[in-house]
Amino acid sequence: MGEYGTAVHFIVDTVYNSLDGENHFERVTVAVYAALALLCGIAYTILQSQIVKQYNDTTALTKYASTAKWKAYASTIGYTAAIPIALYINPIIAGCIFFAVSVVWLIPDRVIERAE
């Protein structure tokens with residue numbers, strides 16, 4: 001199959017097992033999930049910065065974006081830390097990091113509530 005065929009087979013097998021529900025917090029599956037979440041977080045941070053550049057500094061959107069930056073950076077740091085933790089220490093700890101990042105995003109932002 002070659003090295004690319006083996007890599008593709010590995011990725012497909014990992015995704016299939018994670019969708020099948022039979023991974024039981026396996027190290028590689030949790031690390032792949034962390035990498036995917038990290039890529040989504042980086043994309044969100046880039047999108048947010050591009051939106052802020054399009055508006056002036058007085059809109060409620062830019063006020064929200066400036067206060068939400070810490071959430072985006074904390075998510076990026078958390079997901080980055082979860083990859084080696086899942087692979088080398090304990091995937092359950094990485095799962096706890098995922099949960100903590102989710103809780104951070106569930107906390108409502110008061111800037112949006114006060115926006116006119």
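Conventions we followed
Residues numbered from 1 in each chain as written. Predicted model: local features only at pLDDT ≥ 70, side-chain atom pairs only at ≥ 80, totals over all residues. Heavy atoms only, no water. Helix = DSSP H or I, 4+ residues; strand = E, 2+ residues; numbered from the N terminus. Buried < 20%, exposed > 50% of the residue type's maximum accessible area, 1.4 Å probe, protein only. Areas by Shrake-Rupley, 256 points an atom, 1.4 Å probe, with all protein chains shown as cover. Phe/Tyr/Trp six-rings, centres within 6.5 Å; stacked < 30°, edge-to-face > 60°. Contact = heavy atoms within 4.5 Å. Expected span 1.5 Å × (residues − 1). Core = buried A, V, L, I, M, F, W, Y, C linked by side-chain atoms within 4.5 Å. Arc of directions from axis to C-beta. Polar contact = N/O pair within 3.5 Å; in protein donor to acceptor, adjacent residues only side chain to side chain. pLDDT = per-residue confidence, 0-100.

**Concerning the overall build of the protein**
Here is step 1: If you tally the helices and strands in the protein, you get five helices and zero strands.
Here is step 2: Counting all 116 residues of the protein, 27% fall into the buried class.
Here is step 3: Accessible area for the protein stands at about 8,300 Å²; split by element, carbon and sulfur atoms hold 68% of it.

**A closer look at the packing of aromatic side chains**
Here is step 1: Evaluation of the coordinates by the stated rule reveals three aromatic pairs.
Here is step 2: Ring centres of Tyr-44 and Trp-105 lie 5.4 Å apart, and the angle between their planes is 85°; on these two criteria the pair is classed as edge-to-face. Of this pair, Tyr-44 sits in helix α2 (residues 27-54) while Trp-105 sits in helix α4 (residues 91-106), and the two are 61 residues apart along the sequence.
Here is step 3: Plain terms: the ring middles of Tyr-79 and Phe-98 are 5.9 Å apart, the flat faces sit at 45° to each other, and that makes the pair tilted. Of the two residues, Tyr-79 sits in helix α3 (residues 60-89) while Phe-98 sits in helix α4, which places them 19 residues apart along the sequence.

**Focus on the side chain of Gln-48**
Here is step 1: Within the element layout of this structure, Gln-48 appears in helix α2.
Here is step 2: Once you skip the residues sitting within four places of it in the chain, Gln-48 turns out to touch Ala-65, Ala-68, Lys-69 and Ala-72.

**Side note on α2**
Here is step 1: In this model, α2 (28 residues) spans 41 Å end to end at C-alpha, consistent with the 40 Å of a helix rising 1.5 Å per residue.
Here is step 2: By the burial criterion, the buried members of α2 are Thr-29, Val-30, Ala-31, Ala-34, Ala-37, Leu-38, Gly-41, Thr-45 and Gln-48.

**Some words on the nonpolar core**
Here is step 1: Ranked by size, the top nonpolar core spans 13 residues in total, and within it Val-30, Tyr-79, Ala-82, Ala-86, Ala-94, Ile-97 and Phe-98 carry the most contacts.
Here is step 2: Ala-82 has contacts with Ala-34, Ala-94, Ile-97 and Phe-98, leaving out every residue within four places of it along the chain.

**Side note on α4**
Here is step 1: Taking 1.5 Å of rise per residue, 16 residues should cover 22 Å, and α4 covers 23 Å from first to last C-alpha, within 8% of that figure.
Here is step 2: For α4, the set of buried residues is Pro-91, Ala-94, Gly-95, Ile-97, Phe-98 and Val-101. Down the axis of α4, the smallest arc covering the buried residues is 155°, so these residues share one side. More than 90 degrees from the buried face of α4, the exposed residues found are Phe-99 and Leu-106.
Here is step 3: Sitting at the head of α4, Asn-90 places a side-chain oxygen 3.1 Å from the backbone nitrogen of Ile-92.

**Structural notes on the confidence of the model for the protein**
Here is step 1: Averaged over all residues, the pLDDT of the protein is 79; the fraction at 70 or higher stands at 66%.
Here is step 2: Within the protein, the element-level pLDDT minimum falls on helix α1 (residues 2-20), averaging 60, and the maximum on α4, averaging 91.

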